[in-house]
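Inside the fold
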Amino acid sequence: AKIWNEIVSRKLARLLPAEDLIIHEAVGGTWAFPRRLTTEQLDDLRGCRIPLPSGRKTEWPADIRQILDEVLVEFGMERHKLRFSHPRDVFFARGERDMLLMPNISKIEVGVDEFGSNETSKLRLCFQLAPGQYATMLLKGLELLVASDR
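Notes on the structure follow.

Definitions and cut-offs
Numbers given for residues are sequential positions, taken from 1 along each chain in its written order. Predicted model: local features are reported for residues with pLDDT of at least 70 only, side-chain atom pairs are reported and counted for 80 or more only, and whole-chain, interface and lining totals are derived from all residues. Hydrogens and waters are ignored; side-chain quantities use all the structure's heavy atoms. Here a strand is any run of E in DSSP of at least two residues, a helix any run of H or I of at least four, and the numbering for each starts at the N terminus. For each residue, the accessible area found with a 1.4 Å probe, counting protein chains only, is set against the maximum for its type, and the residue is called buried under 20%, exposed over 50%, and partly exposed in between. Note on contacts: a residue pair qualifies if any of its non-hydrogen atoms lie within 4.5 Å across the two residues. Charge counting follows a simple rule: Lys and Arg are positive, Asp and Glu are negative, and His as well as the terminal groups are ignored. Here the site of a charge means NZ on Lys, CZ on Arg, CG on Asp, or CD on Glu. Here the nonpolar core consists of buried residues drawn from Ala, Val, Leu, Ile, Met, Phe, Trp, Tyr and Cys, with membership extended through side-chain atoms lying within 4.5 Å. Here a helix's expected span is defined as the number of its residues, less one, multiplied by 1.5 Å. The salt bridge definition used is simple: a Lys or Arg side-chain nitrogen within 4 Å of an Asp or Glu carboxyl oxygen. The rule is simple: put a 1 Å grid over the protein atoms alone, call a set of points where a 1.4 Å probe fits but cannot get out a cavity, call an open set with protein on both sides within 12 Å along at least five of seven lines a pocket, and count a residue as lining if it has an atom within 4 Å of a point. Grid points are joined across faces, edges and corners, and a volume is the space filled by probe spheres set on the points. Each residue gets one of three labels, nonpolar for Ala, Val, Leu, Ile, Met, Phe, Trp, Tyr, Cys and Pro, charged for Asp, Glu, Lys and Arg, and polar for the others, Gly among them. When two rings of Phe, Tyr or Trp (its six-membered ring) have centres within 6.5 Å they constitute a pair, described as stacked for plane angles under 30 degrees, edge-to-face for angles over 60, and tilted for the intermediate range. One requirement defines pairing of two strands: DSSP has to find at least two bridges between them.

Quick notes on the overall build of the chain
Scanning the chain from N- to C-terminus turns up four helices and six strands. In the chain, the succession of α and β elements from N to C terminus is α-β-β-α-β-α-β-β-β-α. Dimensions of the chain, computed from the C-alpha atoms along their principal axes, are close to 55 × 35 × 25 Å. Out of the 150 residues belonging to the chain, those deemed buried represent 27%. If you take every contact in the chain between residues at least 6 apart in sequence, the share linking residues at least 24 apart comes to 58%. If you average the places of the 22 positive and of the 22 negative side-chain charges in the chain, the two averages end up 7 Å apart.

Okay, here's the thing in C-alpha coordinates:
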(Lines give C-alpha, C1' and ligand atoms only; values in the text may rest on other atoms or scores of the structure.)
Protein backbone atom coordinates (compact mmCIF):
# COMPACT_ATOMS: atom_id res chain seq x y z
CA ALA A 1 0.00 0.00 0.00
CA LYS A 2 2.86 2.37 0.80
CA ILE A 3 4.36 2.08 -2.68
CA TRP A 4 0.95 2.53 -4.34
CA ASN A 5 0.19 5.59 -2.18
CA GLU A 6 3.53 7.11 -3.18
CA ILE A 7 2.76 6.55 -6.87
CA VAL A 8 -0.63 8.24 -6.53
CA SER A 9 0.80 11.19 -4.58
CA ARG A 10 3.57 11.77 -7.12
CA LYS A 11 1.21 11.47 -10.07
CA LEU A 12 -1.11 14.06 -8.50
CA ALA A 13 1.89 16.33 -7.83
CA ARG A 14 2.83 16.13 -11.52
CA LEU A 15 -0.70 16.78 -12.76
CA LEU A 16 -1.83 19.59 -10.47
CA PRO A 17 -0.31 22.92 -9.48
CA ALA A 18 1.10 23.00 -5.93
CA GLU A 19 -1.61 25.41 -4.75
CA ASP A 20 -4.26 22.83 -5.70
CA LEU A 21 -2.73 20.13 -3.49
CA ILE A 22 -2.70 19.39 0.21
CA ILE A 23 0.54 17.63 1.19
CA HIS A 24 0.39 15.53 4.34
CA GLU A 25 3.44 14.00 6.00
CA ALA A 26 2.25 10.76 7.56
CA VAL A 27 4.00 7.84 9.23
CA GLY A 28 3.34 5.84 6.07
CA GLY A 29 4.86 8.45 3.75
CA THR A 30 3.94 11.70 2.06
CA TRP A 31 0.39 11.85 0.76
CA ALA A 32 -1.00 14.36 -1.72
CA PHE A 33 -4.71 15.15 -1.73
CA PRO A 34 -6.38 17.38 -4.32
CA ARG A 35 -7.64 20.62 -2.76
CA ARG A 36 -9.63 21.62 -5.81
CA LEU A 37 -10.13 20.21 -9.28
CA THR A 38 -11.54 21.74 -12.43
CA THR A 39 -14.30 19.78 -14.15
CA GLU A 40 -11.78 18.74 -16.80
CA GLN A 41 -9.22 17.57 -14.21
CA LEU A 42 -11.91 15.65 -12.35
CA ASP A 43 -13.05 13.94 -15.56
CA ASP A 44 -9.44 12.99 -16.40
CA LEU A 45 -8.69 11.64 -12.92
CA ARG A 46 -12.04 9.91 -12.43
CA GLY A 47 -11.10 7.25 -14.96
CA CYS A 48 -7.48 6.94 -13.89
CA ARG A 49 -6.62 3.53 -12.48
CA ILE A 50 -3.21 2.80 -11.00
CA PRO A 51 -1.88 -0.78 -11.09
CA LEU A 52 -0.92 -2.34 -7.79
CA PRO A 53 2.85 -2.94 -7.74
CA SER A 54 3.54 -6.57 -8.61
CA GLY A 55 6.47 -8.51 -10.00
CA ARG A 56 3.99 -10.46 -12.12
CA LYS A 57 3.02 -7.29 -14.01
CA THR A 58 5.17 -6.68 -17.07
CA GLU A 59 3.26 -3.96 -18.93
CA TRP A 60 3.03 -0.57 -17.23
CA PRO A 61 1.77 2.77 -18.53
CA ALA A 62 4.93 4.81 -19.25
CA ASP A 63 4.17 7.59 -16.76
CA ILE A 64 3.37 5.11 -13.97
CA ARG A 65 6.45 3.00 -14.75
CA GLN A 66 8.67 6.06 -14.39
CA ILE A 67 7.13 7.04 -11.05
CA LEU A 68 7.20 3.43 -9.82
CA ASP A 69 10.89 3.09 -10.64
CA GLU A 70 11.66 6.34 -8.76
CA VAL A 71 9.76 5.11 -5.69
CA LEU A 72 11.37 1.66 -5.79
CA VAL A 73 14.88 3.16 -5.97
CA GLU A 74 14.13 5.04 -2.76
CA PHE A 75 13.09 1.72 -1.15
CA GLY A 76 16.16 -0.05 -2.53
CA MET A 77 14.00 -2.24 -4.77
CA GLU A 78 13.52 -3.00 -8.46
CA ARG A 79 10.39 -3.92 -10.40
CA HIS A 80 11.46 -7.48 -11.14
CA LYS A 81 12.09 -8.03 -7.42
CA LEU A 82 8.49 -7.34 -6.42
CA ARG A 83 8.13 -11.10 -5.86
CA PHE A 84 8.70 -13.33 -2.91
CA SER A 85 9.84 -16.92 -3.23
CA HIS A 86 9.25 -17.78 0.47
CA PRO A 87 7.08 -17.89 2.41
CA ARG A 88 4.39 -18.85 -0.08
CA ASP A 89 1.66 -16.80 1.60
CA VAL A 90 3.51 -13.47 1.14
CA PHE A 91 2.78 -11.62 -2.11
CA PHE A 92 1.98 -8.29 -3.71
CA ALA A 93 -1.65 -8.20 -4.84
CA ARG A 94 -2.48 -7.86 -8.52
CA GLY A 95 -4.97 -5.57 -10.16
CA GLU A 96 -5.66 -1.86 -10.33
CA ARG A 97 -7.33 0.68 -8.09
CA ASP A 98 -9.03 3.95 -8.86
CA MET A 99 -6.72 6.88 -8.25
CA LEU A 100 -9.46 9.00 -6.70
CA LEU A 101 -11.90 8.01 -4.00
CA MET A 102 -15.33 8.77 -5.41
CA PRO A 103 -17.78 7.86 -2.65
CA ASN A 104 -21.41 7.20 -3.39
CA ILE A 105 -22.86 9.59 -0.80
CA SER A 106 -26.41 8.80 0.24
CA LYS A 107 -26.81 11.27 3.10
CA ILE A 108 -25.09 14.38 4.49
CA GLU A 109 -26.08 15.96 7.79
CA VAL A 110 -24.51 19.03 9.40
CA GLY A 111 -25.37 19.89 12.97
CA VAL A 112 -24.15 21.12 16.34
CA ASP A 113 -21.69 18.77 18.02
CA GLU A 114 -23.48 17.70 21.20
CA PHE A 115 -20.14 16.75 22.79
CA GLY A 116 -18.38 20.03 22.03
CA SER A 117 -19.10 23.70 22.58
CA ASN A 118 -21.86 25.53 20.72
CA GLU A 119 -19.21 26.73 18.27
CA THR A 120 -18.33 23.28 16.98
CA SER A 121 -20.16 21.45 14.25
CA LYS A 122 -20.43 17.86 13.28
CA LEU A 123 -20.73 16.26 9.89
CA ARG A 124 -22.41 12.91 9.35
CA LEU A 125 -21.78 11.19 6.04
CA CYS A 126 -23.46 8.03 4.84
CA PHE A 127 -21.51 6.64 1.89
CA GLN A 128 -20.26 3.59 0.08
CA LEU A 129 -16.84 3.09 -1.47
CA ALA A 130 -15.79 0.81 -4.29
CA PRO A 131 -13.89 -2.39 -3.41
CA GLY A 132 -10.25 -1.67 -2.56
CA GLN A 133 -10.98 1.85 -1.33
CA TYR A 134 -10.57 2.77 2.32
CA ALA A 135 -12.69 5.15 4.37
CA THR A 136 -9.62 6.20 6.36
CA MET A 137 -8.18 7.85 3.24
CA LEU A 138 -11.46 9.63 2.52
CA LEU A 139 -11.76 10.88 6.10
CA LYS A 140 -8.10 12.00 6.22
CA GLY A 141 -8.63 13.93 2.98
CA LEU A 142 -11.74 15.63 4.40
CA GLU A 143 -9.92 16.45 7.64
CA LEU A 144 -6.99 18.01 5.78
CA LEU A 145 -9.31 19.94 3.46
CA VAL A 146 -11.22 21.45 6.38
CA ALA A 147 -8.00 22.28 8.25
CA SER A 148 -6.45 23.92 5.17
CA ASP A 149 -9.40 26.29 4.80
CA ARG A 150 -9.15 27.62 8.35
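Details of the nonpolar core
Membership of the largest hydrophobic core comes to 21 residues, with the highest contact counts inside it found for Ile 3, Ile 7, Val 8, Leu 12, Ile 50, Leu 68 and Met 99. Listing elements by their share of this core, those giving two or more residues are helix 1 (2-15) and helix 3 (62-74). Residues in contact with Leu 68, not counting those within four places in the same chain, are Ile 3, Ile 7, Pro 53, Trp 60 and Arg 79.

Describing helix 1
The first and last C-alpha atoms of helix 1 sit 20 Å apart over 14 residues, in line with the 20 Å expected at 1.5 Å per residue. Of all the 14 residues making up helix 1, ten are buried; the element is thus mostly covered by neighbouring parts of the structure. Summarising the contacts, the buried residues of helix 1 are in contact with strand 1 (21-26), strand 2 (29-34), helix 2 (39-46), strand 3 (49-51), helix 3 and strand 4 (96-98).

Here's the deal with the pattern of salt bridges
According to the stated counting rule, one finds 13 salt bridges in the structure shown. Put simply, Arg 14 and Glu 70 hold a salt bridge, and the shortest N to O gap is 2.5 Å. Here Arg 14, found in helix 1, pairs with Glu 70, found in helix 3; they are 56 residues apart in sequence, far enough to count as distant. Under the relative-accessibility criterion, Glu 70 is labelled partly exposed at 27%. For the salt bridge of Arg 49 with Glu 96, the shortest nitrogen-to-oxygen distance reads 3.4 Å. On the criterion of sequence distance, the pair formed by Arg 49 in strand 3 and Glu 96 in strand 4 is long-range, its members being 47 residues apart.

A few points about the layout of surface pockets
The volume enclosed by the largest pocket comes to roughly 900 Å³. Residue lining of the largest pocket: 34 residues in total, with Phe 33, Leu 101, Met 137, Leu 138 and Gly 141 positioned closest to the centre. Listed by contribution, the elements that provide at least two residues to the lining of the largest pocket are helix 1, strand 2, strand 4, strand 6 (121-128) and helix 4 (135-148). With seven residues, helix 4 is the largest single contributor of residues to the lining of the largest pocket. A per-class count over the lining of the largest pocket returns 24 nonpolar, six polar and four charged.

So, the packing of aromatic side chains
The geometry of an aromatic ring pair is captured by the separation of the ring centres together with the interplanar angle, meaning the angle of the planes. Per the counting criterion, the structure on display carries one aromatic pair. Between the aromatic rings of Trp 31 and Phe 33, the centroid separation amounts to 6.4 Å while the plane-to-plane angle is 75°, which identifies the pairing as edge-to-face. The pair Trp 31 / Phe 33 is uniform in exposure class, with both members buried.

A word on the pairing of strand 2
Alignment of strand 1 against strand 2, held across six bridges, turns out to be antiparallel. When the sheet's bridge partners are listed, His 24 is paired in strand 2 with Trp 31. Here strand 1 folds back onto strand 2 in antiparallel fashion, the turn holding two residues.

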